[in-house]
Amino acid sequence: MRAGQSRGLTYVRVGTFSGSALSLREALRARVALVDRDLLSLMRGPRRMPARWAAVLESLRNGGVPWTKTAAWSTACQQALTRGGALALGQPVLFAQTLPACVLPGTLRYGIYTDRVGREGAATGGPFASRFSAAWLQREEAFLCGAHRIYVMGPTTKTVLMRQYGIPEGRVVVVGAGPNAPLGPAVARSSCRRLLFVGTNWALKGGPELLRAFAGVRRDHPQLELLLVGGEPSGPLPPRVRAVGRVPHTHMDALYDQADLLVIPTHQEAFGIALVEGLMKGLPCIASTVGNQPWIVGDAGICVAPGDVAALEEALRRVIRAYAIYHERALVRGRLLREKLRWGSVAGVIVRDLVCGDIASTQDLQLSTVCYVQLDSVQL
């Protein structure tokens, strides 16, 4: 720690960040004196309307990108933080996500915790690719390059930062994430009868493709049910499909207990905390090959290319046929994730490094792929 520097930490977040921002905040508070700053709150009110209009104009000039991913909005966010004194407290600052894209002086010691960066989200291509103005991307690059350390949830983001942003390897550390739902123990299961889908953005999370694959699999497995949490299609639901809408994190444990298989064939996902939670509950997972999902799932499920309905249907059939094997793998994987992926561990690394200057804490989190049974040896 620098001489004269306080042992506190300023935490800048943009809303709740799907629950992760608040989970990390509480874990940080248990370890350090924390000053919490929510940019969404700072940017509300009529005084921010000129900045919002400037952001909307920049959005229109750039093909209708999200107005929160414009240089005008980023600049206004930085001004709000500066006027509020959040960047002048004589202590390090941790930003949750790169959305603020602040261009900060080199004298400020700050870190960034994120599940992905702009170029990573844009690489998926197609209608689900991340979009932003060129000026915002320039600010994000400066924001990342000036950080003391960038803490990322998974290794694919570290690779993007090194290869596409030129960030030195030693300045990026994989710290993972933890579950946002309070979870009880895993439940023993003997067969696959109920599938669970979790995702608020129905199309982006692969909901339409899942319905088509589910209909195909039900021809051979008519007992199957599908429970939708979060998003759902418009119009009537197909047979044996039920939707419960959005539910609080505190209700998710009971929903995981009701399921046998978690299926989220998303088109874009930087990490996948629902997969972490599902595996911790002993649920095999079918996910997609984007982002860090294969790193999370390991051999406790199957990852398919996003949008590939035939591959998704075959993955469902495969897991249903060999369910006992995949369930046992999920139990093994879940125990590993419970040990490795905890918000307390994430906060501990950040505080030791960013606040205390202990560089020895910045070792990448490793998730070994534990293979409990070789599936190739099993007749399917």
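As the structure is a computational prediction, the values presented were derived from the model and not from experiment.

Digging into the overall build of the chain
Argument step 1. Along the chain, the regular secondary structure elements total 14 helices and 12 strands.
Argument step 2. For 380 residues, the compact-globule formula gives about 21 Å, and the C-alpha radius of gyration of the chain, at 22 Å, lands near that figure.
Argument step 3. Counting across all 380 residues of the chain, residues that qualify as buried make up 56%.
Argument step 4. Sequence-distant contacts in the chain: of pairs separated by 6 or more residues, those separated by 24 or more amount to 69%.
Argument step 5. If you sum the accessible surface of the chain, you get close to 15,700 Å²; carbon and sulfur atoms cover 53% of it.
Argument step 6. The centroid of the 44 positive side-chain charges in the chain is displaced by 6 Å from the centroid of its 28 negative side-chain charges.

Some points on the packing of aromatic side chains
Argument step 1. This structure, assessed with the given rule, holds eight aromatic pairs.
Argument step 2. Between Tyr110 and Phe143 the ring centres are 5.6 Å apart and the planes differ by 10°, which places this aromatic pair in the stacked class. Residue Tyr110 is found in strand 4 (residues 110-114), and its partner Phe143 is found in helix 6 (residues 134-145); the two are separated by 33 residues along the sequence.
Argument step 3. On the basis of relative accessibility, which here comes to 0%, the residue Phe143 falls in the buried class.
Argument step 4. One aromatic cluster in this structure is built from Phe95, Tyr110 and Phe143.
Argument step 5. Over the face of the ring belonging to Trp136 we find Lys69, whose NZ or CZ atom lies 5.6 Å from the ring centre.
Argument step 6. For Arg119, the ring lying beneath its charged end belongs to Tyr165, and the centroid distance is 5.7 Å.

Side note on the sheet that holds strand 8 (residues 225-230)
Argument step 1. Strands sit in the order 9-8-7-10-11-12 across an open sheet of six strands; the sheet is parallel. Looking at the sheet topology across the chains shown, the edges are occupied by strand 9 (241-245) and strand 12 (301-304). For this sheet the average axis-to-axis angle between neighbouring strands, irrespective of direction, equals 20°.
Argument step 2. Examined bridge by bridge, strand 7 (residues 194-199) and strand 10 (residues 261-263) share two bridges and lie parallel to one another. The residue of strand 10 that forms the bridge with Leu195 is Leu261.
Argument step 3. Against the sheet, helix 12 (residues 309-321) touches strand 7, strand 10, strand 11 (285-288) and strand 12, its axis set at about 175° to strand 12.

Some details on the confidence of the model for the chain
Argument step 1. On average, the chain scores 92 in pLDDT, and the residues at 70 or more come to 95%.
Argument step 2. Between residues 1-6, whose pLDDT stays under 50, and residues either more than four places distant or in other chains, the model counts 15 contacts.
Argument step 3. Confidence over residues 370-380 falls short of pLDDT 50; this stretch has 25 contacts with residues more than four positions distant or in other chains.

Topic: helix 14 (residues 343-355)
Argument step 1. An ideal rise of 1.5 Å per residue puts 18 Å on 13 residues; helix 14 measures up with 17 Å between its terminal C-alpha atoms.
Argument step 2. Taken across its 13 residues, helix 14 has 10 buried, putting it largely inside the fold.
Argument step 3. Of all the residues in helix 14, the buried ones are Trp343, Val346, Ala347, Gly348, Val349, Ile350, Val351, Asp353, Leu354 and Val355.
Argument step 4. Structurally, helix 14 contributes buried residues whose contacts are with strand 1 (9-13), helix 1 (20-29), strand 3 (93-96), strand 4, strand 5 (149-152) and helix 10 (273-280).
Argument step 5. The first or second residue beyond helix 14 is Gly357, which carries a positive phi of 75°.

Details of the packing of helix 10 against helix 13 (residues 323-340)
Argument step 1. Interhelical geometry of helix 10 versus helix 13 gives an angle of 115° and a closest axis separation of 7 Å. You can see that helix 10 and helix 13 cross each other, and the crossing is left-handed. Where helix 10 abuts helix 13, its residues Val276, Leu279 and Met280 lie against Ala330, Arg333, Gly334, Leu337 and Arg338.

Considerations on the side chain of Glu277
Argument step 1. Structurally, Glu277 can be placed in helix 10.
Argument step 2. Apart from residues lying up to four places away in sequence, Glu277 is in contact with Pro179, Asn180, Ala181, Leu183 and Tyr256.

What counts, and at which threshold
- Residues numbered from 1 in each chain as written.
- Predicted model: local features only at pLDDT ≥ 70, side-chain atom pairs only at ≥ 80, totals over all residues.
- Heavy atoms only, no water.
- Helix = DSSP H or I, 4+ residues; strand = E, 2+ residues; numbered from the N terminus.
- Rg over C-alpha atoms; globule rule 2.2 N^0.38 Å.
- Buried < 20%, exposed > 50% of the residue type's maximum accessible area, 1.4 Å probe, protein only.
- Contact = heavy atoms within 4.5 Å.
- Areas by Shrake-Rupley, 256 points an atom, 1.4 Å probe, with all protein chains shown as cover.
- Lys, Arg positive; Asp, Glu negative; His and termini not counted.
- Charge placed at Lys NZ, Arg CZ, Asp CG, Glu CD.
- Phe/Tyr/Trp six-rings, centres within 6.5 Å; stacked < 30°, edge-to-face > 60°.
- Lys NZ or Arg CZ within 6 Å of the ring centre and 35° of its normal.
- Pairing = 2+ DSSP bridges.
- Axes fitted to C-alpha atoms, helices over the stretch in contact; angles between N-to-C directions.
- pLDDT = per-residue confidence, 0-100.
- Expected span 1.5 Å × (residues − 1).
- Left-handed = near helix turned anticlockwise from the far one by under 90°.

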